[in-house]
Amino acid sequence: MAFVEGSAGSWRVSRRPKSRICDRVHDEERHSTRRVKLVHWTDVHFFVPDGVKVLPERKELLGLLNLYVMGREKEFNPERLVSRLVDDVAALNPDVVVFSGDLSAMGTSVEFETALRVIKPMLAAFPSVLIAGNHDRYTQQGRNRMETYFGQWMTGGTEDGALWSSFDSADESWPGLFKLQNGLRIITLDQARPSVASNGAHSRGQISRLRSTLQSEGPQNCIVVGHYPVLDPWLGSGRMPRNGSVPLYERLGRSLKDVNELHAALLAHPPLAYLCGHHHAQSIVRSSQGKSGRSLLQVCCGSSAYVGHKDSNWAGFYEIDLEPSSGGFEIADIHRHVWSNQTQRFLRQTSSEADLHSVLTVAPETQG
């Protein structure tokens, strides 16, 4: 299944009429016959200077250097953009909202308090799933600080039962499995670790349990969410493999140490999509391996609060429509909503505005 550009600047698989899920059914019943709308946002980096202690740790010193000396502090405006994102997402009335990490810049309590104040209306209105990014687990001391403020949406779902998880508090319980009552499954991975080089890794057995979960739940029912990319379409054409495949996201720092193992698990039972952030340039990419014909669709949202000088990193979020199929679900539409300084809101891209130069579609039959 390959994506083709649609008339609205989106990437489409089909053109069936859109509709909303109005009636919720139990997991044990059949899948809904109506579309499911998912919103994906990421990497907003709330930063509050007062949250950093007088004698910061080594990692915090590096972070302050990056924010003030390198100018990163001015590249993000989460207070303004995320407040508007909450309103614009509400207008879409999604079935589930997914955040793929880095709510904070330094992982401080005051940053999480600020983020919770801004996004609480969205969390209260829609089933929401959040995971931590490397900035949310910035230091050993604050490793589990995000769970203090957002544990309900990281490990427990919503109070009204519209979303629930098989998650326990023990580290061995990862990945989390969130079950929507329309049949869609959201599988969350815990990848972020306090690290000077900002590398990530999965806990022991987590990838093996991911394989088992995908197989038991049915991969065509599943969306997998991680913070770090698996595929790397940002290297440039001169560094791409000659067979047309997309290389893995392997960097000296700021990447997954066990990306090869995760990639193999995802290809063994390919989910509907792998959603991620971390790399602030948005991208939709599909790659496959060998003659098996199995492909992995990666949707990297980039950042939802970036307002710096890099156009490819410009703030936005994804609206993903899924529709039932004989084997579970299939992705029908993916729309990018991009921040507009002129209108002070997020606008759905049209064909003439779509900046999708980083999108690579690799059909399985082209792989060597």
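Preceding this paragraph is the structure being described.
The structure contained in this document is the topic of the report that follows. All values reported here derive from a predicted model rather than from experimental measurement.

**Regarding the overall build of the protein**
Working step 1: For the protein, the helix and strand inventory stands at six helices and 16 strands.
Working step 2: Every one of the 368 residues in the protein was classed for burial, and the buried ones make up 60%.
Working step 3: Counted over contacts in the protein with a minimum sequence separation of 6, partners at least 24 positions apart contribute 70%.
Working step 4: Carbon and sulfur atoms make up 49% of the accessible area of the protein, which amounts to about 15,300 Å² in all.

**Remarks on the side chain of Ser287**
Working step 1: For Ser287, the location among the structural elements is in strand β11 (residues 283–288).
Working step 2: A distance of 3.4 Å separates a polar side-chain atom of Ser287 from the backbone nitrogen of Val246.

**Here we look at the nonpolar core**
Working step 1: Residues Trp41, Leu103, Ile119 and Phe150 are the most contacted members of the largest nonpolar core, which totals 62 residues.
Working step 2: No other element matches the seven residues that helix α3 (residues 109–125) contributes to this core.
Working step 3: With residues up to four places along the chain from it excluded, the contact list for Leu103 reads Trp41, Val44, His45, Phe46, Phe112, Ala115, Ile119, Leu130, Asp136, Met146 and Phe150.

**Focus on the packing of helix α5 (residues 206–217) against helix α6 (residues 259–268)**
Angle between the axes and distance between the axes: these two values describe a pair of packed helices.
Working step 1: At a minimum axis distance of 9 Å, the contact between α5 and α6 shows a crossing angle of 10°. As judged from the angle between their axes, α5 and α6 are roughly parallel. Touching Ile207, Leu210, Arg211 and Leu214 of α5 are Glu261, Leu262, Ala264, Ala265, Leu266 and Ala268, all from α6.
Working step 2: Residue classes in the contact of α5 with α6 are distributed as eight nonpolar, no polar and two charged.

**What about α6?**
Working step 1: Most of α6 sits inside the fold, with seven of its ten residues counted as buried.
Working step 2: Among the residues of α6, Val259, Leu262, His263, Ala265, Leu266, Leu267 and Ala268 are the ones counted as buried.

**Details of the pairing of strand β9 (residues 222–225)**
Working step 1: Side-chain alternation along β9 places Cys222 and Val224 on one buried face and Ile223 and Val225 on a second face that is also buried.
Working step 2: Bridge count for strand β8 (residues 185–188) against β9 is four bridges, and the pairing is parallel. Looking across to β9, one finds that Ile187 is bridged to Val224.
Working step 3: Handedness of the crossover is the feature at issue here: the chain leaves β8, passes through α5, returns alongside β9, and the resulting connection is right-handed.
Working step 4: Here β9 runs beside strand β10 (residues 273–276); their pairing, made up of three bridges, is parallel. Directly across from Val225, in β10, lies its bridge partner Leu275.

**Quick word on the packing of helix α2 (residues 78–92) against α3**
Working step 1: Here α2 crosses α3 at 15°, and the two axes come no closer than 8 Å. Between α2 and α3, the crossing angle belongs to the class labelled roughly parallel. At the point where α2 passes α3, the crossing takes the right-handed sense. Across the interface between the two elements, Glu79, Val82, Ser83, Leu85, Val86 and Val89 of α2 pack against Thr114, Arg117, Val118, Ile119, Pro121 and Met122 of α3.

**Here's the deal with unusual backbone geometry**
Most of the time, phi is negative for any residue but glycine, and the peptide bond is trans.
Working step 1: Despite not being glycine, Ser198 shows a phi value in the positive range, around 60°.
Working step 2: For Ser198, the location among the structural elements is in the loop between β8 and α5.
Working step 3: Relative accessible area serves as the criterion here: at 8%, Ser198 is assigned to the buried category.
Working step 4: With phi around 75°, His278 is a residue other than glycine that occupies positive phi space.
Working step 5: For His278, the location among the structural elements is in the loop between β10 and β11.

**Details of the packing of aromatic side chains**
Working step 1: Tallied over the full model, the rule gives eight aromatic pairs.
Working step 2: Summarising the aromatic geometry, the rings of Phe76 and Tyr306 are spaced 5.5 Å apart at their centres and angled 80° between planes, so their arrangement reads as edge-to-face. Taken together, the residues Phe76 in the loop between α1 (58–69) and α2 and Tyr306 in the loop between β12 (295–300) and β13 (316–325) connect sequence positions 230 residues apart.
Working step 3: On the basis of relative accessible area, Tyr306 is assigned to the buried category, the value being 2%.
Working step 4: Their ring planes at 65° and their centres at 5.2 Å tell us that Trp339 and Phe346 sit as a pair that is edge-to-face. One exposure class covers both Trp339 and Phe346, and it is buried.
Working step 5: By way of ring pairs, the aromatic residues Phe112, Tyr149, Phe150 and Trp153 are connected into one cluster.
Working step 6: Here the guanidinium or amino end of Arg336 rests over the ring plane of Tyr318, the centre of that ring lying 4.7 Å away.

**Considering the pairing of strand β14 (residues 328–340)**
Working step 1: Most of β14 sits inside the fold, with 13 of its 13 residues counted as buried.
Working step 2: Across ten bridges, the pairing between β13 and β14 is antiparallel. Note that in β14 the partner of Phe317 across the bridge is His337.
Working step 3: In this sheet, strand β15 (residues 345–348) lies alongside β14 in antiparallel orientation, the contact comprising four bridges. Looking at the pairing, Val338 lines up with Leu347 of β15.
Working step 4: Counting the residues between successive antiparallel strands, the hairpin from β14 to β15 contains four residues, one of them, Gln344, with a positive phi of roughly 60°.

Conventions used here
Residues numbered from 1 in each chain as written. Predicted model: local features only at pLDDT ≥ 70, side-chain atom pairs only at ≥ 80, totals over all residues. Heavy atoms only, no water. Helix = DSSP H or I, 4+ residues; strand = E, 2+ residues; numbered from the N terminus. Buried < 20%, exposed > 50% of the residue type's maximum accessible area, 1.4 Å probe, protein only. Contact = heavy atoms within 4.5 Å. Areas by Shrake-Rupley, 256 points an atom, 1.4 Å probe, with all protein chains shown as cover. Polar contact = N/O pair within 3.5 Å; in protein donor to acceptor, adjacent residues only side chain to side chain. Core = buried A, V, L, I, M, F, W, Y, C linked by side-chain atoms within 4.5 Å. Axes fitted to C-alpha atoms, helices over the stretch in contact; angles between N-to-C directions. Parallel < 35°, antiparallel > 145°, perpendicular 65-115°, else oblique. Nonpolar A, V, L, I, M, F, W, Y, C, P; charged D, E, K, R; others polar. Pairing = 2+ DSSP bridges. Right-handed = clockwise from strand over helix to strand, strands pointing away. Left-handed = near helix turned anticlockwise from the far one by under 90°. Phe/Tyr/Trp six-rings, centres within 6.5 Å; stacked < 30°, edge-to-face > 60°. Lys NZ or Arg CZ within 6 Å of the ring centre and 35° of its normal.

Just distances and angles here, no functional claims.
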